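In case you want the letters, here they are:
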Amino acid sequence: LHFYTVTWADTERDLSAWLGNSMQQQAIAALYDLQSKILGSADLALIDDWRRLQTSDHYYYMCTKWWNDGDIHAYFSPYDTPYEAYMNFINAYHDLRFRLAQKGIEV
């Protein structure tokens, strides 16, 4: 039995709108690498912020697909470029790391 993710987005109807480039892949990998430390902190505000960074929109805004679907990505994004979306995400990620370090949790 095989399962395939099917989406509403883009002509490919796959996860490439969210995980199709190195920025997206690095961002989600870095965020999930913090999972055990974030959850282990028992800090509800920190856990809530970490969960909010998992929202699919963050990764969609980092999409660099500019062939058939580029206009759609640009229309929905509050950022001027996917790179701006990535930088804002990474700033929030580094804030999580800083807050963990303030709690004495090594990151």
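Please refer to the structure placed before this passage.
Parameters and conventions
- Residues numbered from 1 in each chain as written.
- Predicted model: local features only at pLDDT ≥ 70, side-chain atom pairs only at ≥ 80, totals over all residues.
- Heavy atoms only, no water.
- Helix = DSSP H or I, 4+ residues; strand = E, 2+ residues; numbered from the N terminus.
- Polar contact = N/O pair within 3.5 Å; in protein donor to acceptor, adjacent residues only side chain to side chain.
- Contact = heavy atoms within 4.5 Å.
- Phe/Tyr/Trp six-rings, centres within 6.5 Å; stacked < 30°, edge-to-face > 60°.
- Buried < 20%, exposed > 50% of the residue type's maximum accessible area, 1.4 Å probe, protein only.

Time to look at the side chain of N21. With respect to the helices, strands and loops of the structure, N21 is situated in the loop between α1 (16-19) and α2 (22-33). Separated by 2.9 Å, the side chain of N21 and the backbone nitrogen of M23 make a polar contact. For N21, the side chain forms a polar contact with the side chain of T64, separated by 3.2 Å. Discounting residues that sit within four places of it in the chain, N21 has contacts with M62, C63 and T64.

Within a pair of aromatic rings, the relevant descriptors are the distance that separates the centres and the angle that separates the planes. According to the stated counting rule, one finds four aromatic pairs in the structure shown. When the centroid spacing of 5.9 Å and the interplanar angle of 65° are considered together, the rings of Y61 and Y79 count as edge-to-face. In this pair, Y61 is assigned in the loop between α5 (56-60) and α6 (70-76) and Y79 in the loop between α6 and α7 (82-102), connecting sequence segments 18 residues apart. Given the relative accessible area of 17%, Y61 is considered buried. Residue class for Y79 comes out partly exposed when judged on its relative accessible area of 24%.

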